[in-house]
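As a plain string of letters, each chain reads:
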Amino acid sequence: MITKHMIRTLMIETPTVPGNLGKVATAIGLVGADIGEVETVKVGPTYTMRNITVQVETEEQLNEIITAIEGLEKGIKLHTVSDEVLSAHEGGKIAMKSKMPIKSLAELRRVYTPGVADVCSLIEREPDKAEIYTTINNSVAIVTDGTAILGLGNIGPVAGMPVMEGKAALFDQLAGISGVPILLDTTDPEEIIRTVKNIAPGFGGILLEDIGSPHCFEVEDRLKEELNIPVMHDDQHGTAVVTLAAAISACKSAGIDLKEAKVGQIGLGAAGVAICRMFMAYGVQAVYGTDKSEMAMNRLKEYGGQTSSNIEELMETCDIIIATTGVPGLIKKEFVKEGQVILALSNPRPEIEPEVALEAGAAYAADGRSVNNVLGFPGIFRGALNAKSKEVNHEMLVAAAEAIASCTKHGDLVPDPLQPEVHEKVAEEVERVARRVYVGV
Ligand SMILES: NC(=O)C1=CN([C@@H]2O[C@H](COP(=O)(O)OP(=O)(O)OC[C@H]3O[C@@H](n4cnc5c(N)ncnc54)[C@H](O)[C@@H]3O)[C@@H](O)[C@H]2O)C=CC1
Ligand SMILES: CC(=O)C(=O)O
Ligand SMILES: [Mg+2]
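First things first, this report covers the structure right here in the doc. No experiment lies behind these values; they were computed from the predicted model shown. (Residues numbered from 1 in each chain as written. Chains lettered and ligands numbered in written order. Predicted model: local features only at pLDDT ≥ 70, side-chain atom pairs only at ≥ 80, totals over all residues. Heavy atoms only, no water.)

**Description of the overall build of the chain**
Heads up, the rule is: Only DSSP runs of H or I reaching four residues or more are called helices, and only runs of E reaching two or more are called strands; each is numbered from the N terminus. In this setup the radius of gyration rests on C-alpha atoms only. A globule is expected at 2.2 Å times the number of residues raised to 0.38. Exposed residues in this analysis have more than 50% of their type's maximum accessible area, buried residues have under 20%, and partly exposed residues fall in between, with area computed by a 1.4 Å probe over protein chains only. Contacts between residues were defined by any pair of non-hydrogen atoms, one from each residue, lying within 4.5 Å. In short, Shrake-Rupley with a 1.4 Å probe defines the accessible areas, and a residue's cover is counted only from the protein chains shown.
Counting secondary structure elements, the chain contains 17 helices and 14 strands. A compact globule built from 441 residues should have a C-alpha radius of gyration of about 22 Å, and the chain, at 25 Å, falls within 12% of that. When its C-alpha atoms are laid out on the principal axes, the chain stretches across 80 × 70 × 40 Å. Counting over 441 residues, the chain shows a buried share of 48%. Residue pairs in contact within the chain that sit at least 24 positions apart in sequence constitute 67% of those at least 6 positions apart. Surface summary for the chain: the accessible area is close to 21000 Å², and the carbon and sulfur share equals 54%.

**With respect to the coordination of the magnesium ion (ligand 3)**
Going by this rule: Because no water is among the atoms considered, metal sites can look incomplete, with donors defined as N, O and S atoms within 2.8 Å of the metal, or 3.2 Å for Na, K and Ca.
Protein-derived ligands of the magnesium ion (ligand 3) are Glu209 (OE), Asp210 (OD) and Asp235 (OD), with the metal-ligand distances lying across 2.0 to 2.1 Å. Expressed as a motif, the donor residue spacing for the magnesium ion (ligand 3) is E-D-x24-D. Relative accessible area serves as the criterion here: at 2%, Glu209 is assigned to the buried category.

**Structural notes on the sheet that holds strand β13 (residues 341–344)**
Across a sheet, paired strands are connected by hydrogen bonds in the backbone, their directions being either parallel or antiparallel. Under the convention used in this document: Strands pair, by our definition, only if DSSP identifies at least two bridges between them. Axis geometry follows a simple rule: fit a line to the C-alpha atoms, using only the stretch in contact for helices, then measure angles between N-to-C directions, giving values from 0 to 180 degrees.
On the basis of which strands lie adjacent, the open sheet formed by 6 strands has the order β11-β10-β9-β12-β13-β14 and parallel pairing. Because the sheet does not close on itself, it has two edges, and the strands there are β11 (306–307) and β14 (364–367). Relative to strand β12 (residues 320–323), strand β9 (residues 262–266) runs parallel, the two being bridged by 4 bridges. Of the residues in β12, the one forming a bridge with Gln265 is Ile322. Where helix α11 (residues 270–282) meets the sheet, it contacts β9, β10 (286–290) and β12, and its direction lies at approximately 165 degrees from that of β9.

**Considerations on a nonpolar patch on the surface**
For clarity, the threshold we go by: Every patch collects residues that have over 30% relative accessible area and no salt bridge, joining them within 9 Å if they carry like charges and within 5 Å if they are nonpolar side chains (Val, Leu, Ile, Met, Phe, Trp, Tyr). By definition here, a salt bridge exists when the distance from a side-chain nitrogen of Lys or Arg to a carboxyl oxygen of Asp or Glu is within 4 Å.
On the surface, Met100, Ile102, Leu105, Leu108, Val111 and Tyr112 cluster together to form a nonpolar patch covering roughly 550 Å² of accessible area. Here Ile102 lies in the loop between α3 (84–88) and α4 (105–111).

**Some words on the packing of aromatic side chains**
In plain terms, the rule: The pairing test for Phe, Tyr and Trp rings, Trp by its six-membered ring, is centres within 6.5 Å, and the orientation test on the planes gives stacked under 30 degrees, edge-to-face over 60, and tilted for anything in between. Charge over a ring is defined by NZ of Lys or CZ of Arg lying within 6 Å of the ring centre and within 35 degrees of the ring normal.
Taken as a whole, this structure holds 2 aromatic pairs when the rule is applied. A ring pair is formed by Phe171 and Phe377, whose centres lie 4.9 Å apart and whose planes are at 85 degrees; its orientation type is edge-to-face. Placement of Phe171 in helix α7 (residues 157–175) and of Phe377 in helix α15 (residues 377–386) is noted, with a sequence separation of 206 residues between them. With a relative accessible area of 0%, Phe377 lands in the buried category. Judged by its relative accessible area of 0%, Phe171 falls in the buried class. Through a chain of ring-to-ring contacts, three or more aromatic side chains come together here, namely Phe171, Phe377 and Phe381. Over the aromatic face of Tyr288 sits the side chain of Lys262, whose NZ or CZ is 4.8 Å from the ring centroid. Its guanidinium or amino end placed over the ring of Tyr303, Arg277 lies 4.0 Å from that ring's centre, counting from NZ or CZ.

**A closer look at the environment of Asp83**
Here Asp83 is to be found in the loop between β4 (77–82) and α3. Take Asp83: its relative accessible area is 22%, and that puts it in the partly exposed class. Along the primary structure Asp83 and Gln55 are separated by 28 residues, whereas in three dimensions their C-alpha atoms are 11 Å apart. If sequence neighbours within four positions are ignored, Asp83 has contacts with Ile7 and Arg8.

**Considering the environment of Gly202**
Looking at the secondary structure, you find Gly202 in the loop between α8 (189–199) and β7 (205–208). Each C-alpha atom, one on Gly202 and one on Ala141, is 8.6 Å from the other, the two residues being 61 residues apart in sequence.

**With respect to the site of ligand 1**
As a reminder, the rule being used: The criterion for a residue being near a molecule or strand is simple. One of its heavy atoms has to lie within 4 Å of it. Within 3.5 Å is the distance limit for a polar contact, defined as a pair of N or O atoms, with the added protein rule that one can donate a hydrogen and the other accept it, and that residues adjacent in sequence qualify only through two side-chain atoms.
The environment of ligand 1 is made up of 25 residues, and the closest members are Ser213, Ala270, Ala271, Asp291 and Asn373. Within the backbone of Ala270, one N or O atom sits 2.9 Å away from an oxygen atom of ligand 1. Between ligand 1 and Ala271, the relevant distance is 2.9 Å, taken from an oxygen atom to a main-chain nitrogen or oxygen of the residue. Compared with its free state, where it exposes 860 Å², ligand 1 has 87% of that area covered by protein. When contributions to the shell around ligand 1 are tallied by element, the ones reaching two or more residues are α10 (234–254) and α11.

The quantities given are spatial measurements derived from coordinates; they are silent on function.
See the structure below:
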């Protein structure tokens, strides 16, 4: 089964006679679409109304379903076709809310003027008190310039806002952190750095998101150097953490030593270079990378990595293949070697569908939906903020990767991202390592 990426909900009425739902399901199946959820909205004496979610590849395939259902027997009616992903975004996904009720004048005066002035004066005298009496230490800025939104490219910060809102929603739900999207109307590294430094006093940490290469490297390096709060470019290090976790789990299940495995990285942008650096620093001896850009290849060499001239060579020789190019379908099934581990991580669509890679002989295969930095960034920041760490460093990232791997069931590559224990474990391990390194406890 190939994963379909368009999700639509069909509201369908059928006469209340056994077998009608089966006819609808068969019509959808014959077109080659997948059925997701089936929700019964109403059961009447003569008819039943259901919402049926379908996953399709293209608009044409959706139209074929519509025609097929309309061609079924009299009484089976298609009422609406809705895009629930779009509906879920109506009005945006996040909100800044008051934690305090403000229902009486006494409460108003406590929360706002004149009461608030005393708290301001206290913080002026003792700046550390901001940690106790403001939300700063629990807030992370999610900063983008819109230059590498998922694999969609340079579509601008406003078009990237749904991704930033998604990260903020995940910060809240998985780690209790207030994530605040910051959209930058500049792609100039100096201006980005200056802006982030100027807003930094309001935040306990900075998550750089979907900032394209090569300027993302300078932006992150400089901000790490010049700010004394945790700064992490998620597409680099969040991705590298989760990829390392997946590789650790795959090697454990296959009974091989990751450090002895040959790893091939396709795409040496933000995610790819960080993955290579992470694997090399973890002790993997043979890490090779390739990219269509000479500049990207040279960058890997500067970091001490080895390059390969083409994808075919990597596919032929490596045990583990990781792809982060943003190019769907780049890896042909003929390239897949028996027993390989294939992590095709580009979103929204992978370089090879996991089902195709497995059919072609891969031992393990996954895409960016499961091997996703959502498994890393919430817990990494929770741990860093808890430890009052001034940065996110390599040891903390390795601790996060090992924590994710330790939560993974035998035979799986990564755990379920909605399992709260995973994020708790990542936070705990990151905090432990951060305290050891920075606070000395
Ligand atoms: N699963 C996950 O958690 C994550 C997935 N990603 C995905 O990885 C992809 C890349 O993201 P970034 O590294 O931020 O982008 P980027 O733009 O920094 O890097 C992409 C790199 O791929 C190279 N490339 C493009 N076409 C190629 C080809 N045909 N052959 C060889 N190299 C090629 C480019 O030259 C560039 O160096 C995106 O699709 C993104 O969604 C990124 C971060 C996290
Ligand atoms: C998941 C993510 O950060 C990306 O695809 O860019
Ligand atoms: Mg991203």
